[in-house]
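Architecture and fold: a report
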Amino acid sequence: MAFSEATELDNYRDYNLTEDQKLIKAKYAPISKKYEYLDHTADVQLHAWGDTLEEAFEQCAMAMFGYMTDAETVEPLDTVEVEAEGHDLLSLLFHFLDEWLYKFSAEEFFIPREIKVLSIDRSRYKIRSIGWGEEFSLSKHPQGTEVKAITYSAMQIHEEEKPEVFVIIDI
């Protein structure tokens, strides 16, 4: 699947937005989406890319949240910081996504509109990031599909030309 087809796939996810949700979307600039959802037998594979590895990680996290709700209905009312570490780049990506999922599912029910990776320390495999968003509310945000877990299955990071990542999430 080509990068240009991502927009078509994203439009496929129809959340049947309410009028209030459409009004929130209209208040803010559209979110730059450099990700797509790929077919997988039982789960969903996220494919994200960017001009830098940091942007590819950001886009992968936003793809995960985009599967749960329409991120453009989220208002940037609060900030949450997430730090993670691993023993290599794959484990760093895993723990980065897992920490963001934890902020949503177990701790604060925080749903970001945008995530920015502040730094990736490649020698110690640490990452710092910040997200702008708000507490998830079914009355305000359309319900997509619950993400249960991040998996290592078929996880890939490519940095040759344009950084891109592939991650399978358990839904």
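These numbers were taken from a predicted model, which means no experiment stands behind them.

1. Some thoughts on the overall build of the protein chain
A count of helical and extended segments in the protein chain gives four helices and eight strands. Order of helices (α) and strands (β) in the protein chain, N terminus to C terminus: α-α-β-β-α-β-α-β-β-β-β-β. Here the C-alpha radius of gyration of the protein chain, 15 Å, is about what a compact globule of 171 residues would show, namely 16 Å. Expressed as lengths along the three principal axes of its C-alpha atoms, the size of the protein chain is roughly 45 × 35 × 30 Å. Taking all contacts inside the protein chain whose residues are at least 6 apart in sequence as the whole, residues at least 24 apart take part in 69%. For the protein chain, the computed accessible surface area is about 8800 Å², with 47% contributed by carbon and sulfur atoms. For the protein chain, the separation between the mean place of its 16 positive charges and that of its 35 negative charges on side chains is 4 Å.

2. Some thoughts on the packing of aromatic side chains
Tallied over the entire structure, the rule returns eight aromatic pairs. Centre to centre, the rings of F65 and W100 are 6.4 Å apart; their planes meet at 90°, and the pair counts as edge-to-face. Of this pair, F65 sits in helix α3 (residues 53-68) while W100 sits in helix α4 (residues 89-107); the two residues are 35 residues apart in sequence, bridging distant segments of the chain. Accessibility classification places F65 together with W100 in one group, the buried group. Each member of the aromatic cluster is reached from another via a ring pair, and the members are F65, W100, F104, F110 and F136.

3. Brief notes about unusual backbone geometry
A negative phi angle is the norm for most residues apart from glycine, just as the trans form is the norm for most peptide bonds. Positioned with a positive phi, Y125 is a non-glycine residue whose angle comes to about 55°. Examined against the element boundaries, Y125 turns out to sit in the loop between β4 (110-121) and β5 (126-135). For A154, which is not glycine, the phi dihedral falls at a positive 60°. Its location among the elements puts A154 in the loop between β6 (149-150) and β7 (156-158). For A154, a relative accessible area of 43% corresponds to the partly exposed category.

The rules behind these values
Residues numbered from 1 in each chain as written. Predicted model: local features only at pLDDT ≥ 70, side-chain atom pairs only at ≥ 80, totals over all residues. Heavy atoms only, no water. Helix = DSSP H or I, 4+ residues; strand = E, 2+ residues; numbered from the N terminus. Rg over C-alpha atoms; globule rule 2.2 N^0.38 Å. Contact = heavy atoms within 4.5 Å. Areas by Shrake-Rupley, 256 points an atom, 1.4 Å probe, with all protein chains shown as cover. Lys, Arg positive; Asp, Glu negative; His and termini not counted. Charge placed at Lys NZ, Arg CZ, Asp CG, Glu CD. Phe/Tyr/Trp six-rings, centres within 6.5 Å; stacked < 30°, edge-to-face > 60°. Buried < 20%, exposed > 50% of the residue type's maximum accessible area, 1.4 Å probe, protein only.

This is a description of form; function is not addressed.
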